[in-house]
Number of protein chains: 2
Amino acid sequence: MWTALLAAVLAPSIASADEGMWLPEQLPQRAVELRRLGLTLDADALGDPKGQPLGSIVTLGFCSASFVSPDGLIATNHHCVSGYLQYLSDAENDRNRDGFLAASRADEQWVGPGSEVQVVDKITDVTLEVVKGVRRRTRDRTRERIVSLNQKTLVADCERDRPDVRCQVASYWGGAEYRLIEKRRLRDVRLVYAPPESVGSYGGEIDNWMWPRHSGDFAFLRVYVAPDGSAAEHSADNVPYQPPRHLEINPEGANPGDFVMVAGYPGSTYRFRRARDLRFARDVRYPFRIELQRQIIDILQGHADADPEAKARLSSSIGQLENSLKYSQGMLDGFSKGPVLADKVAAEESLMDWVEADPRRARRYGPAFAELDQIADEDERLYRGEAVVGWLLQIDLLRAAYTAWRLAGEADKPDLLRDRGYQDRDRERHARRMERMDKSLWLPSDRDALVLLLNRVMELPEEQRPTPVVELVTAWGGVEAAVAKLHDQPALAQTEARLALLDQSRDALAESDDPWVQLARALDAWSAPLRARDKQRAGSMLRLRPAYIEALRKQSGDDLYPDANGTLRVTVGNVKGYEPADGLWATPQTTVRGLAAKAGDWPFDAPERLLEASQTSADSRWVDADLGDVPVNFLTTLDTTGGNSGSATLDSQGRLVGLIFDGNYEAMSADWLFNPVLTRSIHVDIRYILWTLESVEEADWVLDELGVAAP
Amino acid sequence: MWTALLAAVLAPSIASADEGMWLPEQLPQRAVELRRLGLTLDADALGDPKGQPLGSIVTLGFCSASFVSPDGLIATNHHCVSGYLQYLSDAENDRNRDGFLAASRADEQWVGPGSEVQVVDKITDVTLEVVKGVRRRTRDRTRERIVSLNQKTLVADCERDRPDVRCQVASYWGGAEYRLIEKRRLRDVRLVYAPPESVGSYGGEIDNWMWPRHSGDFAFLRVYVAPDGSAAEHSADNVPYQPPRHLEINPEGANPGDFVMVAGYPGSTYRFRRARDLRFARDVRYPFRIELQRQIIDILQGHADADPEAKARLSSSIGQLENSLKYSQGMLDGFSKGPVLADKVAAEESLMDWVEADPRRARRYGPAFAELDQIADEDERLYRGEAVVGWLLQIDLLRAAYTAWRLAGEADKPDLLRDRGYQDRDRERHARRMERMDKSLWLPSDRDALVLLLNRVMELPEEQRPTPVVELVTAWGGVEAAVAKLHDQPALAQTEARLALLDQSRDALAESDDPWVQLARALDAWSAPLRARDKQRAGSMLRLRPAYIEALRKQSGDDLYPDANGTLRVTVGNVKGYEPADGLWATPQTTVRGLAAKAGDWPFDAPERLLEASQTSADSRWVDADLGDVPVNFLTTLDTTGGNSGSATLDSQGRLVGLIFDGNYEAMSADWLFNPVLTRSIHVDIRYILWTLESVEEADWVLDELGVAAP
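These figures come from a predicted structure and were not determined experimentally. (Residues numbered from 1 in each chain as written. Chains lettered and ligands numbered in written order. Predicted model: local features only at pLDDT ≥ 70, side-chain atom pairs only at ≥ 80, totals over all residues. Heavy atoms only, no water.)

**With respect to the packing of helix α13 (residues 359-392) of chain A against helix α16 (residues 443-459) of chain A**
All names here are of chain A. The line we're drawing: Under this scheme, a helix contributes an axis fitted over its contacting stretch, all axes are lines through C-alpha atoms, and angles between N-to-C directions fall in the 0 to 180 degree range. The numbering of helices and of strands both runs from the N terminus, where a helix is a DSSP run of H or I of at least 4 residues and a strand a run of E of at least 2. For this classification, under 35 degrees means roughly parallel, over 145 means roughly antiparallel, 65 to 115 means roughly perpendicular, and everything else is oblique. Two helices cross in a left-handed way if the nearer one is turned anticlockwise from the farther one by less than a right angle. They cross in a right-handed way if the turn is clockwise. The contact rule is simple, with two residues in contact once any of their heavy atoms fall within 4.5 Å. Lys, Arg, Asp and Glu make up the charged group, whereas Ala, Val, Leu, Ile, Met, Phe, Trp, Tyr, Cys and Pro make up the nonpolar group; the residues left over, Gly among them, are polar.
Contact geometry for α13 and α16: axes closest at 10 Å, N-to-C directions at 160°. For the element pair α13 / α16, the angle class is roughly antiparallel. Every pair of crossing elements has a handedness; the one defined by α13 and α16 is left-handed. In this structure, α13 uses Val388, Trp391 and Leu392 to contact α16, whose residues at the interface are Leu450, Leu453, Leu454, Arg456 and Val457. By residue class, the composition of the contact of α13 with α16 is seven nonpolar, no polar and one charged.

**Details of the environment of Gly707 of chain A**
Residue and element names in this part refer to chain A. Condition: Here's how the labels work: a residue is buried when its accessible area is under 20% of the maximum for its type, exposed when over 50%, partly exposed in between, all with a 1.4 Å probe on protein chains only.
With respect to the helices and strands, the residue Gly707 is situated in the segment after α25 (700-705). Residue Gly707 is classed as exposed on the basis of its relative accessible area of 63%. Taking the C-alpha atoms as reference points, Gly707 and Glu463, separated by 244 residues in sequence, lie 63 Å from one another.

**Some remarks on the nonpolar core**
Which entries qualify depends on this criterion: Definition of nonpolar core: a set of buried residues of the types Ala, Val, Leu, Ile, Met, Phe, Trp, Tyr and Cys, connected through side-chain atoms within 4.5 Å.
Among the nonpolar cores identified, the biggest contains 88 residues, and Phe220, Leu656, Tyr688, Trp691, Leu693 and Leu706 of chain A are the most heavily contacted of them. Of all hydrophobic cores here, the second largest spans 87 residues; its members include Ala170, Ala547, Leu656 and Val702 of chain B.

**What to know about the interface of chain B and chain A**
Spelled out, the test is: Two parts placed together each lose some accessible area; with a 1.4 Å probe, that loss summed over both constitutes the buried area. A 3.5 Å cut-off defines polar contacts: any pair of N or O atoms within that distance qualifies, except that in protein one atom must be a possible hydrogen donor and the other a possible acceptor, and neighbouring residues in sequence count only when both atoms are side-chain atoms. The pairing criterion for strands is at least two bridges between them, as found by DSSP.
Contacts between the two partners involve 17 residues from chain B, matched on the other side by 17 residues from chain A. Taking both partners together, chain B and chain A bury about 1,100 Å²; carbon and sulfur atoms supply 55% of that area. Counting the surface chain B buries against chain A, the share from its top three residues, Asp582, Gly583 and Leu584 of chain B, is 48%. Joining chain B to chain A, the criterion identifies eleven residue pairs in polar contact (both at pLDDT 80 or more). Looking at the side of chain B that touches chain A residue by residue, the classes come out as eight nonpolar, seven polar and two charged. Note: strand β15 (residues 584-586) of chain A against strand β15 (residues 584-586) of chain B, three bridges, orientation antiparallel. Across the sheet, residue Leu584 of chain A finds its bridge partner in β15 of chain B, namely Ala586 of chain B.

**Regarding the packing of aromatic side chains**
Any two aromatic rings considered together are summarised by their centre-to-centre distance and by the angle between their planes. What counts is decided by this rule: Each pair of aromatic rings taken from Phe, Tyr and Trp, with Trp reduced to its six-membered ring, is defined by centres within 6.5 Å and is described as stacked if the planes are under 30 degrees apart, edge-to-face if over 60, and tilted in the remaining cases.
In this structure the tally under the stated criterion is 34 aromatic pairs over all chains. Arranged with centres 5.5 Å apart and planes meeting at 90°, the rings of Tyr202 of chain A and Phe604 of chain A form a pair that is edge-to-face. Separated by 402 residues along the polypeptide, Tyr202 of chain A in the loop between α8 (197-200) and α9 (204-207) and Phe604 of chain A in the loop between α22 (592-598) and α23 (608-614) bring together distant segments of the chain. Ring plane angle 85° and centroid distance 6.1 Å describe the contact between Phe335 of chain B and Trp672 of chain B, whose orientation is recorded as edge-to-face. Of this pair, Phe335 of chain B sits in helix α11 (residues 308-337) while Trp672 of chain B sits in the loop between β19 (656-663) and β20 (681-685), and the two are 337 residues apart along the sequence.

**Some thoughts on the relation of the copies chain B and chain A**
In this arrangement, two copies of a chain are superimposed by a rotation about an axis accompanied by a shift along the axis. Where we set the bar: Least squares is the method used to superpose the copies, on C-alpha atoms of residues holding a pLDDT of at least 70 in both.
Each copy superposes on the other: chain B lies on chain A with an RMSD of 0.1 Å after a rotation of 180° and an axial shift of 0.1 Å. Expressed as a symmetry operation, the mapping of one chain copy onto the other fits a two-fold axis. In terms of C-alpha distance to the rotation axis, chain B has Trp585 of chain B as its closest residue, with the C-alpha 2.5 Å off the axis. The share of interface residues of chain B whose copies in chain A are also at the interface is 100%, consistent with both copies meeting through the same surface.

**A closer look at the side chain of His214 of chain B**
Within the secondary structure, His214 of chain B sits in the loop between α9 (204-207) and β10 (219-225). Among the polar contacts made by the side chain of His214 of chain B, one reaches the side chain of Lys598 of chain B at a distance of 2.9 Å. Aside from chain neighbours lying at most four places away, what touches His214 of chain B is Asp582 of chain A together with Tyr202, Thr590, Thr591, Gly594, Leu595, Lys598, Val632 and Asn633 of chain B.

**Brief notes about the sheet that holds strand β12 (residues 259-264) of chain A**
All names here are of chain A. Spatially, the seven strands line up as an open sheet ordered β13-β12-β18-β19-β20-β17-β16, and their pairing is antiparallel. Two strands bound the open sheet, and with one partner strand each, they are β13 (569-574) and β16 (589-591). Pairwise comparison of adjacent strand axes, ignoring direction, gives a mean angle of 30° for this sheet.

**Here's the deal with the side chain of Arg456 of chain B**
Residues and elements named next belong to chain B. Turning to its location among the elements, Arg456 is positioned in helix α16 (residues 443-459). Engagement of the side chain of Arg456 in a polar contact is seen with the side chain of Glu291, the distance being 3.2 Å. A polar side-chain atom of Arg456 sits 3.3 Å from a polar atom in the side chain of Gln295. With residues up to four places along the chain from it excluded, the contact list for Arg456 reads Phe288, Glu291, Leu292, Gln295 and Val388.

**A few points about the pattern of salt bridges**
Just so we agree on the cut-off: Only one rule defines a salt bridge in this text: a Lys or Arg side-chain nitrogen within 4 Å of an Asp or Glu carboxyl oxygen.
What the rule picks out here adds up to 130 salt bridges over all chains. One salt bridge in this structure joins Arg406 of chain B and Asp419 of chain B, with 3.2 Å as the shortest N-O distance. In this pair, Arg406 of chain B sits in helix α14 (residues 396-411) while Asp419 of chain B sits in the loop between α14 and α15 (424-440), placing the two residues 13 residues apart along the sequence. Residue Glu697 of chain B is joined to Arg609 of chain B by a salt bridge in which the shortest nitrogen-to-oxygen separation is 3.0 Å. Taken together, the residues Glu697 of chain B in the loop between α24 (686-696) and α25 (700-705) and Arg609 of chain B in helix α23 (residues 608-614) connect sequence positions 88 residues apart. Each of Glu378, Asp379, Arg381, Glu463, Arg533, Asp534 and Arg537 of chain A takes part in one network of salt bridges that share partners.

Everything listed is a geometric property; what it means functionally is a separate question.
Next up, the structure:
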């Protein structure tokens, strides 16, 4: 089966119809291909981000979602709302465990500060504006400064006096193109329905990334706005938002062979990285990450097991960490399963041959390869130190102190010259995070994790070691003493103290004897020169990567799509199984019957009311005739990745037939190299969503709003 | 999917074409059905046990096999010859680990004393002879005595002055019918080829009973006879046997949908047991067995891990125990997976309704049900004690002593009145076993197992406890002291001492102070009255079970086959996958490519030479066009069970297309209740056998003999 893959990789153009996270604007030029694959919508219409269906697609910032009613009802994944459910939980109510169904609109629950739904208003090509002032001979550090300033200026101009608008300059093709994306921020988001965890993530970590799958990974939100229709903070006076577009539901769902597409916001892929980057990821980056992450999860899980309060606070983090651990592991397995690296090497050699076959190409692209190598050498040399420090900054109170210190440090500069993430526009977001920390903070596990990580810091090789941190810890009497000092009734455990920190000046923070602030200062003393190096590197990359990718694009005859970068993309394919192993075929649909057959102990503790309803699921109006039951999940050939979670799965007419929520285990290495034979996306079937609402939850008013009221 | 099963069970006739271990004589009357299923051979010919192909089918006593050349070459499973391989191993040569290929016929290795290939010469219905003298009012104990004496007389008459013939009276339909089976004993059996364990049981216990599967579970033996063609003991003067029939090979193999059949010697099934028997098996018998067996395996494995010599001696036993443990576990899982018990209850209720619907039927069959219940009550009451003692008798030296004591005890009686297994005709077999024990005996593990089992004996509830054993152990000072005494340089550890024991008189043994003999006497003091009770019970069953089964047969319109009883049967079906879980389809073939993809650490340590050959398997002449590779294993719907191992898998013309070696995990509960949806047999494809011989082993002379010499 790897033969097919090899062919796909060696051919300079996209060999598989399934591969591709296309920009909306690329769709019209692919109209013939899309029609051949089964699209019945007009490709021009499909390419319009404000039209139907793309105009219905929104982002929650970390997940995708879509409007599914004229009154602002939004469909997304259950796992995308688990942070909201945690916010809505307290000692009496565990919304993650029990789920939630609003009795009526009046009962819908605000999901808390900092949550927002973003709707794209406008996408503009701003490449010329971003590179304005850059010349061929501009030095790399200056190049980075100019490009960065231009971007920040564009964003500042875009957001000026428009508090409800968030703007972003997205970079494509490694910095060869830029687009300014304007998004409306709808900030009064409320929970309408979420199934219990035992439905929403049925099978838990055992089934995560796996097939067969029976997850009811869906939830409904609603966006509220001021009575005049404008975006507004949460208020009792707000009214449901009337989106200009919403998706129609196709209650026939998706069946084997059917054309389907997904529109959403995939986060990041590494398809244009070089073979040596893949080798380093395989041999160092992922193994190192996996080892440390496993230890941290074990610490958190130990606390969660011992104390229900810890469990409530940590379960969302544990879930995310487990998920990302399995992702890393799947990536490694994927790398070792087939000749992924060999294929990448072969593809790169084919590119080199193409470059060297023509003296003009050799002149234009040749030098970039050598320089990319030098930069990669340096990246690899410094990796471990940066990785450990990255984990250290996941400790809640250190993150709080570090954020305050960095904000104060940048505050002296004019806003546009500040580092990204530490401008005035970011303050509110930081403040909301300081508040939300109140729900997830658990000092005992943070303490254990801190011991682990500081010990790792102390053991780092000389050249990667954050010396100021090592000195501070040593001055405090070693790791145990340092952690004892940090955890001796820390002031920052109080939300007010954290919020107050954000308002302190650089001078005040520089003199603070709060140990967390001291540790943050020490960390920054080490990372400040690294940041300067990173900017230099970024400036180099702005020269090199576009050249590299330009060579790839030209070699392919311009039949490529850019790496995922968190912007709206469309991927097309069909419903199809795959061969997980010689002698097995993953059939592309599962059923309620199969769900019930798996029921048992946690994490397969399907709710009693669902199991009861399952006994008559075959008689439901949502039954599939071929399966003789209600379909639960299905597989497709679609090209998706993290960030696509919650994306609408659409049929050939752009109607909603499901929600994507996962990839198969074999799909993870697709972030580096797409394998059409093994890569599959996993979706929840709209018929399972409707069946659950109707037969398990009796949520008739939601079915009404979805336009599928009981006959 | 259980719907289909329910229907199959409730219908009084055989609902599935696949179910049935048919007697050869039943095949002609099923000719229309067989032709419909795809048989092209004449059903009359197929029903002739001396004709083609059944005339080529033989038994090794515990496994099935078949002649595949005019020179007495025999094909069977690798796992059927592992005892032989152990016999052929010593400190330098581990034949199980390394396999064996004779360089030429002269190099073929005798597999040791006690091994024999049995060829059926004649099958005669002897029902009238067996029940001769039994009258309606004959008391049960007498009935057993008469039937037993009649059987032994038939066997004695049959074997008189024919040392090369072994006769057996087999009971069918729970004792309603009997057949005398005469078999020629071909005792010079030699090993021609066995692959290494890493091919023959690739995947070891992990893959055992599982799909996907990639086992090269095949081996070749050859039978030698005296130069005049008569059966003879092993001798250098012997010559290859010329069987009257041998199977032709079909190198096209078997492909999805193809008609296939298996002819062999299935051991036992329990399809006519009652619902309460199934319930007891599920709730007590299998769980009790699993618990004890797990402990014993752990003991043996501990010794095997610690000492290579122990490993060589114990690995065959461990393999068998693990296999049977997984069987028991699969049985239990099968019982709990679907409504097996419920279906059995429903079928039994339907039978009761049928009986009660007619006063004559009610009079004829009604009382049997009540009496069967009483007997089952008693069986269940005594089960645990008998089970523990059964395990105790697996301890090598105790078995030796007990066998000698029992033989001596029976020796006073006329031969025909002796208990079965302790007649003159059995002496030779016992002697061979005493000899073979030399290869498997390992005192340290026997010692630990003995401690475990004697402790279990001491803990048995009063009414199940073997009091004489308890008293002896107590007199010796408790379990630890007793075991120390038994293991203080035991005389029976010497083969000569064990053989000498067989010749001792009852009186001599009664006075022996060998502690093993003392323990054997104590055991027998307890079991003698139980044997009497068993004979009484057997006499009752001779009345009751035929009545019960007669009712079932009449209700079904006589479309039934008898339970497996170790006699020749034929099962027909086709190559077909199944659904192991919702969302998965087990495709019915695996490939060399898939085998290589699984290769890694033990038990997936495929030999280097096989992995090398696998790189060009797609170019082999044994390639399957659809798969693009050499097929390794395949699934069929055939109805098989233990004892079928090594059976020839035949195509519609009776040609060899593979060897059955296993059932899927879901098939185990089929021994109680056949489920056509889930039950599958697993075969090794003839093309994998031929490819291995040709491309891995370069065993050209074997290919020549199989009639598929390289072109």
